[in-house]
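# Structural characterization, general
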Amino acid sequence: MKKKLSYIIINITDNLEGGVGMVPSHEETMKFKVDKDKVYEPSEILIIVYKSLLEKGYNPINQIVGYLLSGDPTYITSYNNARSLIRKMERDELLEELVKAYVKDNE
């Protein structure tokens, strides 16, 4: 056991000193890039959520209304990231989009 432990320590030391198998040292500054989330329009969010609820067998109208009235995100499925997506937009903005679409279609 002592021999195996010495071998491990020697390998770790060799690696730290630039031995075989060492990760190359980085003398340049590493860059970390975070992709920004896509910005969705309220209508896009509603359509994605509607389709996700439909695919999972829910009544999408009832579920969306339940969410808009209560603010409880559990009315929306997490399938296709629908729950996270709908929470990125304020409920009043979603309601505004629905009213605009309704008025536009019924003028």
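Scope of this entry: the structure provided in the associated data block. (Residues numbered from 1 in each chain as written. Predicted model: local features only at pLDDT ≥ 70, side-chain atom pairs only at ≥ 80, totals over all residues. Heavy atoms only, no water.)

## Digging into the packing of helix α2 (residues 42–55) against helix α5 (residues 91–105)
Rule in force here: Think of each axis as a best-fit line through the C-alpha atoms, taken over the contacting stretch in the case of a helix, with angles from 0 to 180 degrees between the N-to-C directions. Segments assigned H or I by DSSP are reported as helices when at least four residues long, segments assigned E as strands when at least two residues long, and all are numbered from the N terminus. Convention used here: angles under 35 degrees read as roughly parallel, angles over 145 as roughly antiparallel, angles from 65 to 115 as roughly perpendicular, and any remaining angle as oblique. The contact criterion used is simple: two residues touch if any of their non-hydrogen atoms lie within 4.5 Å.
Two elements in contact, α2 and α5, have axes separated by 9 Å at closest approach and are oriented at 90°. Looking at the two axes, α2 sits roughly perpendicular to α5. In this structure, α2 contributes Pro42, Ser43, Ile45 and Leu46 to the contact, and α5 contributes Glu93, Leu94, Glu97 and Leu98.

## Remarks on unusual backbone geometry
This is how it is decided: Only protein chains enter the accessibility calculation, which uses a 1.4 Å probe; a residue whose area is less than 20% of its type maximum is buried, one above 50% is exposed, and one in between is partly exposed.
The backbone of Asn80 sits at a positive phi, close to 60°, despite the residue not being glycine. Residue Asn80 is classed as partly exposed on the basis of its relative accessible area of 45%. If you check the backbone angles, Asn81 has positive phi at about 65° while not being a glycine. With respect to the element layout, Asn81 can be found in the loop between α3 (60–70) and α4 (82–87).

## Some thoughts on a nonpolar patch on the surface
For clarity, the cut-off: Patch membership requires over 30% relative accessible area and the absence of a salt bridge. Like charges are linked within 9 Å, and nonpolar side chains (Val, Leu, Ile, Met, Phe, Trp, Tyr) within 5 Å. Areas reported here follow the Shrake-Rupley algorithm with a probe of radius 1.4 Å; residue values treat only the protein chains shown as occluding. The term salt bridge refers to a pairing of a side-chain nitrogen on Lys or Arg with a carboxyl oxygen on Asp or Glu at a separation within 4 Å.
There is a patch of nonpolar side chains on the surface, built from Tyr50, Leu54, Ile61, Val65 and Leu69 and spanning about 490 Å² of accessible area. Tallying contributions element by element places α3 first for the nonpolar patch, with three residues. The topology assignment puts Tyr50 in helix α2. What makes Tyr50 partly exposed here is its relative accessible area of 34%.

## Overview of the environment of Leu54
On the secondary structure map, Leu54 appears in helix α2. Each C-alpha atom, one on Leu54 and one on Thr77, is 9.9 Å from the other, the two residues being 23 residues apart in sequence.

## Notes on the pattern of salt bridges
Going through the model one piece at a time under the given rule, you end up with two salt bridges. Here Glu44 ties to Lys38 by a salt bridge, and the two come within 3.3 Å at their closest N and O atoms. On the basis of relative accessible area, Lys38 is assigned to the partly exposed category, the value being 48%. Lys100 is the salt-bridge partner of Glu96, the closest N and O atoms lying 3.2 Å from each other. One end of the pair is Glu96 and the other is Lys100, both in helix α5 and four residues apart, which spans about a single turn. The exposure class assigned to Lys100 is partly exposed, which follows from its relative accessible area of 49%.

Without other data, these values stay purely geometric and don't point to any function.
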